[in-house]
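Residues per chain, in single letters:
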Amino acid sequence: MKPRERVLRALNREPVDRPPIFVTLTPEAAKKLSDHLGVPYEEPYDSLLSTRMSHMGLLTRLGNDCVGIAATSPPDNPTVLIDEENKIYQNEWGMQFVNVGLYNEFHKYPLAHCTSVEDIENYDWPDPFAEGRFDAAAELIAKYKDDYAIVADLETSFFETSWYLMGMEKLLMDMAMEEEHVFALFDKVMHINTEIGKKLIEMGADIIWAGDDFGTQRGMMISPDMWRDIFKPRIKWMFSEFRKVNPDIKIAWHSCGSIVPIIEDFAEIGLDILNPIQPLAEGMEPDFLKDNYGDQLCFFGGIDIQRLLPHGTVDEIKSEVKRRMGILGKGSGYIVAPAHNIQDDTPVENILAFYEAVFEYGEEAISKV
Amino acid sequence: MIDYAQLNQYLYEGKAKKVEEMVQEAIDAGISISEVLSEGLIAGMAVLGEDFKHNILYVPEVLIAARAMKSGLKILKPYLADENVKDKKGVIVIGTVKGDLHDIGKNLVSMMTEGAGYEVYDLGVDQSYEQFMEAAIKYNADIIGMSALLTTTMPYMKTVIDKFRNSDLSHIKFVVGGAPINESFAAEIGADGYGADAASTVDVLNSLMIE
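Residues numbered from 1 in each chain as written. Chains lettered and ligands numbered in written order. Predicted model: local features only at pLDDT ≥ 70, side-chain atom pairs only at ≥ 80, totals over all residues.

### So, the overall build of chain B
Part 1: From N to C terminus, chain B includes nine helices and five strands.
Part 2: Starting at the N terminus, the α and β elements of chain B follow one another as α-α-α-α-β-α-β-α-β-α-β-α-β-α.
Part 3: Taken over C-alpha atoms, the radius of gyration comes to 17 Å for chain B, in line with the 17 Å a tight globule of 211 residues would show.
Part 4: On the principal axes, the C-alpha backbone points of chain B span a range of 50 × 35 × 30 Å.
Part 5: Burial analysis of chain B (211 residues in total) assigns 49% to the buried set.
Part 6: Within chain B, contacts between residues at least 6 apart in sequence are counted, and of these 76% link residues at least 24 apart. (Helix = DSSP H or I, 4+ residues; strand = E, 2+ residues; numbered from the N terminus. Rg over C-alpha atoms; globule rule 2.2 N^0.38 Å. Buried ≥ 20, exposed ≤ 12 C-beta atoms within 10 Å, placed from the backbone. Contact = placed C-beta atoms within 7 Å.)

Put into structure tokens, the structure is as follows:
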């Protein structure tokens, strides 16, 4: 079974030989794995969603069935190092990051002092159709589309991109105070990203992987009522725009954390695939999700990166991956994956153990009645 | 006569200006500072904390309420030194550990703790054990709170605790929290308590201060 067929069959809940795989890595983990396998390290792309589209040569070689694509910064407006001494970078959105070793952290939020709708309107917004934005996506599609399922990444759809621009505390407070500029910001970002998503679908993506984090480790970040009021109608609109381009597009949503109260709402507005099923988040137990939503939703993710992958033994990883495939993948309808990018704290043998577990036990696990 | 129920309600709704006004009125009326602090602000934050713990309130509402609490506290602060406020519960030094710049959870804990009547020194993010030690001495801390979001930075919590245990500051207690932290990790690294969320952390601090 070709990887692409495996993915598409799984998402249509048809029988597969094993659950399809979609792992993504941080650059440090990719470097380690490349060295281990003796293959050249692939430099990450310049994109807000870089980890989801980079290192695809390495990952397909390991056994990924999906290939990620995303919009990149346009070549004439790349992410640049603006302060060498303090390692500060600025991207085309005007967000500034400081490199703190293993990851980049926000340094400056360009809309931190925004107080009015005019501030939003007058901001220098990225052009979704800037020259060269989709070049990397086109190359990846040309290279992989025949054999692999193409996943267009749009994970910071509008809530997260907005907090990257404004700062999270201000955004949450202004939102609670119902300040108009917050909604103007959401709509502006949503329109830019929806255009990007539509373009990636038009180019041949099989799956659009949208998302914003609404959960925390212990529950919803915002109230379900506030979510239904502010976010649900906007997400519904995005989904309908995507389906205008391709009615058969499979739509995934990524939200870290525990989002149990709004899963039903997502199903109602046409979601196909829920990601990442963060294992240690409260209430996101795989059997609960499969039993309650398995008829409406496929699942993607589910393998813990907070404890199991970095700190588990090879045997623990194999048996837990097997167990989770048996629950989330029972019958079909499951893409097995870590609940986020695998980080530098995960040993190479643990990453390989994950793949081996899927190859060895995948078929048996999902066919058990 | 101050309507504390009303003040608590304004605090709960995050109405900073109203809270400020009422606190000022109370001071002008000559009411004792410690009474305004405990009946007006601390009592209000306690209700908020309970509702946060039980998913009645969420992060945005707590942030605006905490902002209102801070506005009220700012008015009280100059008087706190004058009046010997007996109810001071303890000194807490708090920070996110080295290599980690995530702070929204830590900020919530910091605000709730301050709202519960503690003297709180928030060191910010990316804090080394030397910085925790310096602050512990400077502020005469009773308890140190450490936060981490990343699995890659959480092991540093043990480094800090070990450094304290092997120093003159071994009497200081530690409470740890953050998304990947749980009770067993906290016990494993020798922390005295685990704060599952901002409101529960206050409960943990209260019980540690009684010990």
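The discussion continues.
### Focus: helix H6 (residues 129–139) of chain B
All names here are of chain B.
Part 1: Within H6 the residues assigned to the buried category are Phe132, Met133 and Ala136. Buried residues of H6 fall within an arc of 100° about the axis and therefore sit on the same side. Opposite the packed face of H6, turned more than 90 degrees from it, sit the exposed residues Glu130 and Lys138. (Arc of directions from axis to C-beta.)

### Looking at the sheet that holds strand E10 (residues 298–303) of chain A
All names here are of chain A.
Part 1: The sheet built from seven strands is open, its strands ordered E1-E6-E7-E8-E9-E10-E11 with parallel pairing. In this open sheet, the two strands that pair with only one neighbour each are strand E1 (66–69) and strand E11 (334–338). Going across the sheet, the axis of each strand differs from the next one's by a mean of 25°, ignoring polarity.
Part 2: As defined by bridge partners, E10 adjoins E11 across five bridges and the pair is classed as parallel. Bridge pairing in E11 places Phe299 opposite Tyr334.
Part 3: Along the sheet, helix H8 (residues 180–202) contacts E1, strand E6 (149–154) and strand E7 (207–211); its crossing angle with E6, the most-contacted strand, is approximately 170°. (Pairing = 2+ DSSP bridges. Axes fitted to C-alpha atoms, helices over the stretch in contact; angles between N-to-C directions.)

### Here's the deal with the domain arrangement of chain B
Residues and elements named next belong to chain B.
Part 1: By domain assignment, chain B separates into domain 1 (4–82) and domain 2 (91–210).
Part 2: Taken together, the contact pairs 13 residues of domain 1 with 12 residues of domain 2.
Part 3: Elements supplying a minimum of two residues to the side of domain 1 that touches domain 2: helix H3 (33–53) and helix H4 (59–82).
Part 4: Of the residues forming the side of domain 1 that touches domain 2, the biggest block, nine residues, is contributed by H3.
Part 5: Classifying every residue of the side of domain 1 that touches domain 2 by side-chain character gives nine nonpolar, two polar and two charged. (Domains from an automatic or database assignment. Nonpolar A, V, L, I, M, F, W, Y, C, P; charged D, E, K, R; others polar.)

### Overview of unusual backbone geometry
Note: most residues except glycine have negative phi, and most peptide bonds are trans.
All names here are of chain A.
Part 1: Here the residue pair Asn275 and Pro276 is connected by a cis peptide bond, since its omega of 0° sits within 30 degrees of zero.
Part 2: By secondary structure assignment, the location of Pro276 is in the loop between strand E9 (273–275) and helix H11 (286–293).
Part 3: Despite not being glycine, His55 shows a phi value in the positive range, around 60°.
Part 4: Topologically, His55 is positioned in the loop between helix H2 (27–37) and helix H3 (56–62).
Part 5: The backbone of Lys87 shows a phi angle near 55°, a positive value even though the residue is not glycine.
Part 6: Overall, Lys87 belongs to the partly exposed group, with 15 C-beta atoms counted inside 10 Å.

### Brief notes about the interface of chain B and chain A
Part 1: Listed as interface residues are 18 residues of chain B and, on the opposing side, 23 residues of chain A.
Part 2: Of all the elements, H4 of chain B adds the most residues to the side of chain B that touches chain A, at six residues.
Part 3: Its residues assigned to classes, the side of chain B that touches chain A shows 10 nonpolar, five polar and three charged.

### Considerations on the confidence of the model for chain B
Note: predicted coordinates in regions of low pLDDT should not be interpreted at a detailed level.
Part 1: For chain B, mean pLDDT is 90; residues scoring 70 or higher make up 96% of the total.
Part 2: Two numbers describe this predicted complex: its pTM, 0.88, and its ipTM, 0.86. (pLDDT = per-residue confidence, 0-100.)

### Structural notes on helix H9 (residues 224–245) of chain A
All names here are of chain A.
Part 1: Across its 22 residues, H9 extends 30 Å between first and last C-alpha, which sits within 8% of the 32 Å expected from 1.5 Å per residue.
Part 2: At Phe231, H9 shows its maximal kink, close to 45°; a proline, Pro233, follows between one and four residues later.
Part 3: What H9 keeps buried is the set Trp227, Phe231, Ile235, Met238, Phe239 and Phe242.
Part 4: Close packing links the buried residues of H9 with helix H6 (159–166), H8, E7, strand E8 (250–254) and helix H10 (260–268). (Expected span 1.5 Å × (residues − 1). Bend = angle between axes of the 7 residues up to and from the residue.)

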